[in-house]
Each structure stands twice: as C-alpha cells, then as structure tokens.
Amino acid sequence: FVINNNGRTDDAEDIFQDTMLVLVEKLRQDNFQLTASIKTYIMAISKNLWLKRLRTAYREVEFTDIHDNKFYEDINLAIEQEKSYWDKLQNYMHQITEHCKGLIHDMFFKQKAVEQIQKEYGYTTKHNAQNQKHKCVEQIRKVKEREELNEKF
C-alpha cells in the first residue's frame, strides 16, 4: 500500500514498525477488543499511519487502487464474518463460569504465561493450570455446540 501510494521501501518499513508499536499499545489496554482479523487490523493501522504521514508532509498524492470491486467485497465479507465470530465468542464467554472467563481472558487475550497464571490463580503446578485451561475451553466448546444445535431447530 505504501509503495503503491508514493512511498519507498524505507517508508513501508517505518510504517510497519510504527504499526507494531500501535498494536502493542492497543493490546496492553484492558478494554481493547479486536473486532476484525489481526491481518485486517494491522492493514488498517498501516493505512491510517501512511495517510497521516502524507497529510502531514502536505504531499499532493493521487492514490492508486490496484484491486477491483471484488477484492473490496471480499474484504468487507471477511470483516463481517470476523465480527460475527467475535460476537459469537462474546456470547459463549457470557455463558461460562466467572473463573473460566478470567482465565481465558488472561491466557488468550492478555497472553499471560502459564507460570504467571499458575501464580495468580493459586495452582500448585503448571500442569494444573493447563488442565484448568483445557476445562475452560471445553466449557466454551460445549456452549458452542449447544448454540449450534439450537440454531438448527
């Protein structure tokens, strides 16, 4: 995108590094919720950073899109499917125990290490923490299966 819109390889590398910094900052926020795929989210951040840089530099740029309408329709469909996935996941999370909600949030969304989970949740061994993680994932799987069964009827 950067190179196709009056940028150089160095610019693209800079934007990528800045994008990663923004992503890390967002992931560290407690209230952050990803509503699209990580790939889509990274691309959106990158585009916004590049457009901001172009505006700041007062460049007059003619943007070129090398993709046809089908490409954008596919992206919109993918975003909608991703939103649907996240909506479903949030619904599943509301139907499991509070303990599992916290554990899954810490392990998968905050990406805490098993050792940290073990300490914070008071598990005697890493193996116990991993077993509890498995049980919580099983809770979600059962809720998902129940929901899918209800949708069929």
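The structure we're discussing is the one just above.
Residues numbered from 1 in each chain as written. Predicted model: local features only at pLDDT ≥ 70, side-chain atom pairs only at ≥ 80, totals over all residues. Heavy atoms only, no water.

Caption draft 1: Broad picture of the state of the cysteines. Summed over all chains, the structure comprises one disulfide. At a sulfur-sulfur separation of 2.1 Å, the disulfide partner of Cys100 is Cys136. Across the S-S bond linking Cys100 and Cys136, the dihedral sits near -75°, which makes this disulfide left-handed. Of this pair, Cys100 sits in helix α4 (residues 98-109) while Cys136 sits in helix α6 (residues 126-152); the two residues are 36 residues apart in sequence, bridging distant segments of the chain. Taken as a pair, Cys100 and Cys136 share a single burial class, namely buried. (Disulfide = S-S within 2.5 Å. Helix = DSSP H or I, 4+ residues; strand = E, 2+ residues; numbered from the N terminus. Buried < 20%, exposed > 50% of the residue type's maximum accessible area, 1.4 Å probe, protein only.)

Caption draft 2: The arrangement of the environment of Asn91 in detail. Of note, Asn91 is situated in helix α3 (residues 69-94). Put simply, Asn91 and Glu147 are 56 residues apart on the chain and 9.7 Å apart in space, counted from C-alpha to C-alpha.

Caption draft 3: Broad picture of the packing of aromatic side chains. Following the criterion strictly, the structure yields one aromatic pair and no others. Ring centres 6.2 Å apart and planes at 5° place the aromatic pair Tyr121 and Tyr123 in the stacked group. Under the relative-accessibility criterion, Tyr121 is labelled partly exposed at 23%. Tyr123 sits in the buried class, given a relative accessible area of 15%. (Phe/Tyr/Trp six-rings, centres within 6.5 Å; stacked < 30°, edge-to-face > 60°.)

The quantities given are spatial measurements derived from coordinates; they are silent on function.
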